[in-house]
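Residue strings, one per chain:
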Amino acid sequence: MKFSPFLKVMTTTFLLFMGVVGLYAQKDITGYVSDGKVPIPGASIVVKGTSKGVASDFDGNFSLNNISPNNVLVISSIGFVSQEIPVGDQTHIEVVLVEDTQKLDEVVLVGYTTQKKADLTGAVAVVDLGNLEKTRVPNVSQALQGQVAGVQVTASTGAPGDPVEIRIRGEGTIGNNDPLYVVDGIPSRDISFLNQADIKSISVLKDAAAAAIYGSRASGGVVLVTTKQGTKGKISFNIDYFNSFDKAVNLPNLLNSEQYINTLERAWNNTYTGNNPYTADRGRSDFADTDWLDELFKTGRSQNLQLTASGGNEKLQYLMSLGYYGQDGIVVYDNDKYQRINYRTNISADLTDRLKIGTNLQLSYDKQDLVASKGESLIRFALLRAPVIPVYKDVNDPTYSTGDPFTDMPFYTETGYDAGLQRSMYEMVGNPIAMAYFTDNTEKTYRTFGNVFGEYRFLKDKNLTFRTNIGVDLSFFHNKVFNENFGDDDGGGNAIDAGLGRQNRPNSLNESRGEAFTLTVNNTLNYKTLLNDKHSLSALVGMEYISNYSSSIGASRARFPYTDQEFRYLDYGGTELDLWNSGSASEWALFSYFGSASYSYDDRYMITANLRADASSRFAENNQWGYFPSLSAGWMISDESFLEDVDWLSNLKLRASWGILGNQEIDNYTYLTLISQENGIVKTNRFGNPDLKWESSEQVNFGIDAGFFQNKLNLTAEYFNKYTSDILLPISLPSIVGNVEPTILNAGEVRNKGLEFSVGYQNSEREFKYGINANLATLDNKVEKLHPNLPNIVGEVTRTTVGQPLNAYYGYRMEGIYQNQAEIDQHLSGTVNPSAKPGDIRFKDLNGDGIISADNDREFIGSPIPDLTFGLSFTSSYKKWDFSFMFQGVEGVDRYNDGKKIVDYDTRPFNYTTAILNAWDGENSTNSIPRVAFEDNGSSKTSSIFVEDASYVRLKNIELGYTLDDIKWINSLRLYLSGQNLLTITDYTGLDPETTDLIDKGTYPSSASLLFGLNAKF
C-alpha cells in the first residue's frame, strides 16, 4: 500500500508548518503528566507563588517559558494528590500523580451533563482509554471488545470496512438491538466514521436508570463519546503512524488431489455398483493440485497516519487533526480495500466569564471496495472447488483468452456443453480467484458530522447554565457495481447473449446515489449547588428536536459493448430492454422533553430521578408519545462511622435502580395502510395498525462498588433483569385476506438477566508499574411471550418460541452412526422400508415410535447468544519500556456451521477437509463421521452435527513499546511493536468463531496482524 499524492502533500505541509512554528517557539521547560499508565489531560501546572501556569494537553504534555531554576512547580488534577517539584537544572519534567483515595472526584459524562464518579447510582462503565488506544482497529466500535462487562462486540466479518455489532446486556428485541451512540452530544446509530485517535472518553450507559434520559432510542443501551479538545498553552503537535501486515490464520486443511480422488472413489463405491469413473480418471495429465484457500489469500496491509495540532490561551482553545487509514485485505487482486480520511476541528472560546461558544466538526470520506465476504462468498467457493481443477487455463487451450484466463466449468472443452462439463464428476462451482479478479463493487461515503454550541452561566455564583446545541449529520453515498461477464459458455441465457460466459450474463452496471440528513437541536438548563458542604443538588431540564430526511436514486443498464474502466458508466450501456431506474425518499422526526434531578447528602446517600417524554412520527397520532422514567439510589457505606477504622477498605457503595426505556426502530409509516393501483384496479398491499405503540424495556439493577488498599484494588459487581414488552412484530394475516405484507403489532416479550463483574489492580509505587483489569458477564436470554397467531418465528435453521432464547437452533439430535443393518432395523422399527444404510447418521427418536419425523423428533440444539463474555488486560511500564496485552472471549455460544455441512457432508463432489479421511468405513470404524457417499447419509437434515460450540479465547492485542525523550525538537518519541489476533483458542471448525451470522456459510475471517508504529510529540 502506498500513500496517495494527497497524503504526501499533507505530510510535507504539516512538517514545514511545524518547523516554522518551532523557530519562533523556544521553550524553557517541557513536561509530561501521567498516572504511571496513561497521560492525564487537563492537569494544572502552576509556578508556586504566582498566577503563571498552564494545563497539560490531551496527551499529558505541557510547556512553560522563562522559568527560573529557583521556581517550584505545583502539579495537580482532580482525583489525584498534588505534587510540588523544584525546577533546578531540569528542562524536561515527568510527573506521575497518585490517585487521591480520599476524593474519587473523577467526572464522568452521563448524558447532557457530567457527574462525579463517586455519586453515580446507575450502571455506567468508563472505558479505559489506555487499553482502547492499543487496539488499533479501523472501527471504534471494535475497540470496545473485552473492555466492558456486559458489552459484546462482534465483527460481522473480517473484511475491510464491514460493520461491527454491539450488544449491551443481550438481545432485548426481535428487531433492532443496536445501541444509541451520542458523539459530543449528537445522537447517531453509527460511529464507524470516527477516528480512534480523536477520542477523549467513552462511557457506556448499561441500565435504564443511566440511559433513561435518552428514553426513546436507548433500549439497546447508550454509548457516549467525547472527542479531544484543545487546551491552554503553546501549540503542540502529535504524529501517530503505524504499518501492519495481515494474514489469514487457522485455515482448515483441505484435501489435496490424491486424497480428493481417493475420497470420491470411496463415495462412488458406497453409492453405486459397476465401473468407478474416478478410478479411470486417475493420472489425467490435465489434473492439478490446487490449494484454493492458499491461492485466494495473500498478505494484507494496513496503514494509519494521524496528525494533530492543539493549543490555546485563556480565551480560545483549539484542536485540529487530519487522519488517514487504509487497509488492503487478505484476498488477492486488491478488490477488498477500505480507505478513510478524516479532518476534525474542535474549537471553544470563552467570550466572557459567563459566555462560552464552540464547535466540534468532522469531515470524513471513506471508500470500501467490497467482495462477497459472507453467505455465498469467495471463501465458500474456495472451500468447495475441486483441487484437481487448475486456477488458470493452459494457454494452448482453445477456450483460453488473455482477458479471462481462468478455469470455470470443470475441464471445459469446445466440443459441447454436456460433453465437456463433467458436472456429474466434479461439481460445477465458480472459480473464487476469477470472482476476486472480476469484482468491481465500490461504496463511497462523504460525511459531515458535528455541532455548534453556546453556554451561558446565570446567577451570581454561576451555578445555573443554559446550553444550546445544534448538530448536523449529513452524508452522501455512492455505490457502483459493474458485473463483468466471464466464465465458460454453457449454452444458456437469452438468444442475443449467445456465446457469452455463464457468469454475469449479460454484463451490467448498477449505480445508486443518495443522501441522509439529520438535524438535532437540544436546549438544556442545568443547575448545580452545594449547601452547607453537605447537600449536593443538581437538576436538569431540556428539550430536543430531531428530524431525518433521506433519499436515494438508482439506475442500471446491461450489455455494455466495451468494459474498460473508462466505459463503465450508464450512458455506454445497452438501451433496448436494458434500462432500469428507481428513486425513493423517507423522513421521520422526534420531539422530546426530559428532566433529571440528583441529590447527595454528605457524599453518602445519593438519589437520582429521570423522566423523558418522546413523540415519534413512526407511530399514529394517538400513540406518538412515550414516557420513560427511572429512579436510582446509592449508599456509600464506607463513609459511615462504623467503618471509619477499617483501613483496608477504601470505599464501598451499594446501588439500586429501576427504569423504562423505549424502542422505535421500525420502518417509517408502518402504522399506515398501503394501497396500489394496477391496470385501474386498486388493491391493498398492507393493512395498517393505528394502535401501534412504543416498544418498552423495563430494567432493574443492583450494584456494588468496592475499593481496597487505598484503591489499588477495585471491584464492581452488578445484577440486572431486563424485561422487554410490546415488542414490535410483523404478523402475517390468513391467506383468505389475500397476498398482503405482514402488519406490525405489539406482541412479544423477552427477558434478559445476568451478573457482571469488573476487577482491577493498579500498582504504581515502584519503578516497575503495572495494572491488571478483568471483566466477566453472564447472560440468560429467554422469550416469554409471542402473538397467538405467531407462536413460532421460523428461520432457515432457527426457531424463536416461548421458553427459549431468541433464534435458537432447532433440528434433529445426532446420536451416532449406524454400524450395521440390525441397528437400523431396531432403531427405525416403526419405519416402512427405511432408506438409511450402515454408515449413515443416527438421529435421536424423541418419542420412541421408531420413526424419525419432523413433527416429533426435532428439538432445540443450540443458542447463538453467549452465556458468558469476558476480557482480561495487563499493562506495565519500567523506565522507558512499556508492555501490555489483552485477551477477549465468549463462552456458551453456538454457531450453525453450514460450511462444514456442504464441505464434508454434502452428496455432491465438492472438496473436503482432512476430517473426511476418518469417515465411517466399516462396522465400528467410527461413531462420529458418516460414510462418504453421493446419496443422502442423513446430512441433508438440520441437526446437531452442524451446530458447533463457537466459544473462543482470543489474544486481541499484545504490544511492546520504548519511549525516547532526549531527541532535539521532539518532546518524546515512542516506538512500538504490536500484534493483533495472534492467538485464538477454539473448538469451532469454521474459519472464524467470531461472526454475527446465524448461519456460517464461509465467512471472511479476521486476520492476524503484526504492526510497527511510532508516536511523536512536539
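Values in this document were obtained by computation on a predicted structure and should not be read as measured data.

Here we take up empty space enclosed by the protein. Across all of its chains, the model carries eight cavities of 30 Å³ or more by this definition. What the largest cavity holds in volume is close to 150 Å³. Looking at the largest cavity, it is lined by 17 residues, and the ones nearest its centre are Asp57, Phe62, Ser63, Lys234 and Ser236. Elements with a contribution of two residues or more to the lining of the largest cavity: strand S3 (53–55), strand S4 (61–64), strand S17 (233–247) and strand S18 (300–312). A total of four residues in the lining of the largest cavity trace back to one element, the largest contributor, which is S17. Taken together, the residues of the lining of the largest cavity sort by class into five nonpolar, eight polar and four charged. Roughly 120 Å³ of volume is contained in the second largest cavity. Gly150, Gly170, Ala777, Leu779 and Thr869 are the residues nearest the centre of the second largest cavity, which is lined by 15 residues in total. Contributions of two or more residues to the lining of the second largest cavity are made by strand S11 (151–155), strand S35 (768–778) and strand S43 (868–878). Within the lining of the second largest cavity, the residues separate by chemical class into six nonpolar, five polar and four charged.

Burial analysis of strand S15 (residues 199–205) places five of its seven residues in the buried class, the great majority of the element. By the bridge criterion, three bridges tie strand S10 (residues 124–126) to S15 in an arrangement that is antiparallel. Bridge pairing in S15 links Val126 to Ser203. Taken together, the six bridges between S15 and strand S16 (residues 222–227) define a ladder with antiparallel strand orientation. Of the residues in S16, the one forming a bridge with Ile202 is Val225.

Okay, the pattern of salt bridges next. Using the criterion set out here, one finds 51 salt bridges in the structure. For the salt bridge of Asp488 with Lys393, the shortest nitrogen-to-oxygen distance reads 2.6 Å. Taken together, the residues span a long stretch of sequence, with Asp488 in the loop between strand S23 (464–483) and strand S24 (508–531) and Lys393 in the loop between helix H7 (378–384) and helix H8 (417–421) at a distance of 95 residues. Lys837 serves as the salt-bridge partner of Glu935, at 2.8 Å between the closest nitrogen and oxygen. In this pair, Glu935 is assigned in the loop between helix H11 (898–904) and strand S46 (947–949) and Lys837 in the loop between helix H10 (821–827) and strand S41 (841–843), connecting sequence segments 98 residues apart. By relative accessible area, which is 22% here, Glu935 ends up partly exposed. For Lys837, a relative accessible area of 33% corresponds to the partly exposed category.

Turning to the confidence of the model for the chain, a few remarks are in order. Per-chain confidence: the chain averages 89 in pLDDT, with 95% of residues scoring 70 or above. Confidence drops under pLDDT 50 across residues 1–7; counting only partners more than four residues distant or on other chains, this segment forms 14 contacts. Counting interchain partners and residues more than four positions distant, the pLDDT-below-50 stretch residues 9–27 has 24 contacts.

A few words on the nonpolar core. Core analysis: the biggest nonpolar cluster contains 66 residues, and Tyr260, Phe297, Val388 and Tyr426 have the highest contact counts within it. Element by element, the count of residues in this core is highest for H7, at six residues. Setting aside chain neighbours within four positions, we find Val388 in contact with Ser257, Tyr260, Ile261, Asp286, Phe287, Ala288, Phe411 and Tyr426.

For any pair of aromatic rings, the description consists of the separation of the ring centres together with the inter-plane angle of the planes. Going through the model one piece at a time under the given rule, you end up with 44 aromatic pairs. A centroid spacing of 6.0 Å and a plane angle of 45° characterise the contact between Tyr278 and Phe934, whose relative ring orientation is tilted. A residue pair is termed long-range when its members are at least 10 positions apart, and Tyr278 in helix H5 (residues 277–281) and Phe934 in the loop between H11 and S46 qualify at 656 residues. In this structure Tyr278 comes out as buried when scored by relative accessible area, which is 1%. Ring plane angle 40° and centroid distance 4.9 Å describe the contact between Phe619 and Trp694, whose orientation is recorded as tilted. A residue pair is termed long-range when its members are at least 10 positions apart, and Phe619 in the loop between strand S27 (605–616) and strand S28 (625–636) and Trp694 in the loop between strand S31 (681–686) and strand S32 (695–708) qualify at 75 residues. Per residue, the accessibility class of Phe619 equals that of Trp694, and both read buried. Grouped by ring-pair contacts, the aromatic residues Tyr260, Trp268, Tyr272, Tyr278, Phe287, Phe411, Tyr426 and Phe934 constitute a single cluster. Looking at Lys480, its charged tip hangs above the ring of Tyr569, at a distance of 3.7 Å from the centre. Across the ring face of Tyr952, the terminal group of Arg954 is positioned such that the distance to the ring centre comes to 5.3 Å.

Among the structural elements, Lys1017 can be located in strand S50 (residues 1008–1017). On the basis of relative accessible area, Lys1017 is assigned to the buried category, the value being 11%. C-alpha of Lys1017 to C-alpha of Ser592: the two residues are 425 residues apart in sequence and 44 Å apart in space.

An order of S46-S45-S49 is seen for the three strands of this open sheet, with the pairing classed as mixed. Two strands lie at the open edges of the sheet, namely S46 and strand S49 (999–1000), each paired on one side alone. Both strand S45 (residues 894–897) and S46 contribute to a ladder of three bridges, which runs antiparallel. In the strand pairing of S46, Arg895 is matched with Glu948.

Basis of the calculations
- Residues numbered from 1 in each chain as written.
- Predicted model: local features only at pLDDT ≥ 70, side-chain atom pairs only at ≥ 80, totals over all residues.
- Heavy atoms only, no water.
- 1 Å grid on protein atoms, 1.4 Å probe; cavity = no way out; pocket = protein on both sides within 12 Å on 5 of 7 lines; lining within 4 Å.
- Points joined across faces, edges and corners; volume = space filled by probe spheres on them.
- Helix = DSSP H or I, 4+ residues; strand = E, 2+ residues; numbered from the N terminus.
- Nonpolar A, V, L, I, M, F, W, Y, C, P; charged D, E, K, R; others polar.
- Buried < 20%, exposed > 50% of the residue type's maximum accessible area, 1.4 Å probe, protein only.
- Pairing = 2+ DSSP bridges.
- Salt bridge = Lys/Arg side-chain N within 4 Å of Asp/Glu carboxyl O.
- pLDDT = per-residue confidence, 0-100.
- Contact = heavy atoms within 4.5 Å.
- Core = buried A, V, L, I, M, F, W, Y, C linked by side-chain atoms within 4.5 Å.
- Phe/Tyr/Trp six-rings, centres within 6.5 Å; stacked < 30°, edge-to-face > 60°.
- Lys NZ or Arg CZ within 6 Å of the ring centre and 35° of its normal.

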